[in-house]
Amino acid sequence: MQYKTILSPARKRIALVAHDNRKPTLIGWCQRHREVLAQHELFATGTTGGLIGRETGLELSALLSGPLGGDQQIGAKISEGGIDMLVFFWDPFEPMPHDPDVKALLRIAAVWNIPVACNRASADMMLTSPLMAGSYERDIPDYEGYLGARS
Ligand SMILES: O=C(CO)COP(=O)(O)O
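As the structure is a computational prediction, the values presented were derived from the model and not from experiment.

The rules behind each value
- Residues numbered from 1 in each chain as written.
- Predicted model: local features only at pLDDT ≥ 70, side-chain atom pairs only at ≥ 80, totals over all residues.
- Heavy atoms only, no water.
- Salt bridge = Lys/Arg side-chain N within 4 Å of Asp/Glu carboxyl O.
- Helix = DSSP H or I, 4+ residues; strand = E, 2+ residues; numbered from the N terminus.
- Buried < 20%, exposed > 50% of the residue type's maximum accessible area, 1.4 Å probe, protein only.
- Contact = heavy atoms within 4.5 Å.
- Pairing = 2+ DSSP bridges.
- Axes fitted to C-alpha atoms, helices over the stretch in contact; angles between N-to-C directions.
- Near = heavy atom within 4 Å.
- Polar contact = N/O pair within 3.5 Å; in protein donor to acceptor, adjacent residues only side chain to side chain.
- Areas by Shrake-Rupley, 256 points an atom, 1.4 Å probe, with all protein chains shown as cover.
- Parallel < 35°, antiparallel > 145°, perpendicular 65-115°, else oblique.
- Left-handed = near helix turned anticlockwise from the far one by under 90°.
- Nonpolar A, V, L, I, M, F, W, Y, C, P; charged D, E, K, R; others polar.
- UniProt positions renumbered as here; feature names shortened; annotations may be inferred.

For the rest of this paragraph, the subject is the pattern of salt bridges. Scanning all chains against the criterion turns up five salt bridges. Residue R11 pairs with E41 through a salt bridge whose shortest N-O separation is 4.0 Å. A residue pair is termed long-range when its members are at least 10 positions apart, and R11 in the loop between β1 (3-8) and β2 (13-18) and E41 in strand β3 (residues 41-44) qualify at 30 residues. In this structure E41 comes out as partly exposed when scored by relative accessible area, which is 30%. Of the charged contacts, one joins D20 and K23 as a salt bridge, the two residues approaching to 2.7 Å between their closest N and O atoms. Given a relative accessible area of 10%, K23 falls into the buried group.

This paragraph deals with the environment of L16. Along the chain, L16 falls in strand β2. Sequence separation between L16 and F88 is 72 residues, and the spatial gap between their C-alpha atoms is 6.0 Å. In contact with L16, other than residues within four places in its own chain, are L26, W29, C30, L42, F43, A44, T45, T48, I52 and V87.

Take the sheet that holds strand β5 (residues 85-89) next. A sheet is described by the order of its strands in space; here five strands give the open sequence β4-β3-β2-β5-β6, paired in parallel fashion. Edge positions in the open sheet fall to β4 (61-62) and β6 (116-117), since each of these has one partner strand only. Pairing between β2 and β5: five bridges, direction parallel. From the neighbouring strand, L16 faces β5, where its bridge partner is V87. The strands touched by helix α3 (residues 46-56) within the sheet are β2, β3 and β4, with β2 carrying the most contacts at an inclination of about 105°. Helix α5 (residues 99-111) rests against β5 and β6 of the sheet, and its axis sits at about 150° to β5.

Of all residues adjacent to the ligand, which total 15 residues, the nearest are K23, T45, T48, S65 and D71. With respect to the ligand, the side chain of T48 contributes an N or O atom lying 2.5 Å from an oxygen atom. Here an oxygen atom of the ligand sits 2.6 Å away from a polar atom, N or O, in the side chain of D71. Taken by itself the ligand offers 300 Å² of open surface, and the protein chains cover 97% of this. Of all the secondary-structure elements, those providing two or more residues to the shell around the ligand are β2 and α3. Per-element accounting of the shell around the ligand gives the leading share, three residues, to α3.

What follows is about the packing of helix α4 (residues 70-79) against α5. To describe two helices that pack against each other, one gives the angle between their axes and the distance between the axes. Axis separation between α4 and α5 bottoms out at 9 Å; the angle between their running directions is 15°. If you check the angle between α4 and α5, you find them roughly parallel. α4 and α5 meet at a crossing whose hand is left-handed. Touching D71, Q72, I74, G75, I78 and S79 of α4 are D101, V102, L105, I108 and A109, all from α5. Its residues assigned to classes, the contact of α4 with α5 comprises six nonpolar, three polar and two charged.

On to the UniProt feature "active site" (unreviewed entry) in the protein chain. UniProt's feature table lists "active site" (unreviewed entry) at D71, given in the numbering used throughout. If you trace the backbone, D71 turns up in helix α4.

A word on unusual backbone geometry. Even without glycine at this site, N113 takes up a positive phi of about 55°. With respect to the element layout, N113 can be found in the loop between α5 and β6.

Now the structure itself:
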């Protein structure tokens, strides 16, 4: 795979997702970082987004619920260059009916080289990184190069 470098925007487009057992942790994290989060554009899967909006007053775009395709919608946005960071508190103790979608979302986040936080510690580090303060360079797959490599 060949890569090219793009500039991530200073106002990040952040996707917030949590499985049911992890939703209280994500809501608490959003409350703690409310001021910083309010400076960015927020997206979430359906139920997660509804709860975060209600509990924190943060404005966000809620997509479909995860099991109904919300993970795939976030994955599509990542592929289109519309998401800069993913906070995904997935449940390490429960299998999900939509496990393939969860895996696909994590895979596509790796493909497009966006920062991913799967627990509070990594999310804290990500949000307090100096890279949050401005735009930063990020490598993404070079689509032209990829097609060339396959032909
Ligand atoms: O299932 C999810 C992520 O895999 C999250 O979906 P909800 O936010 O709708 O609960």
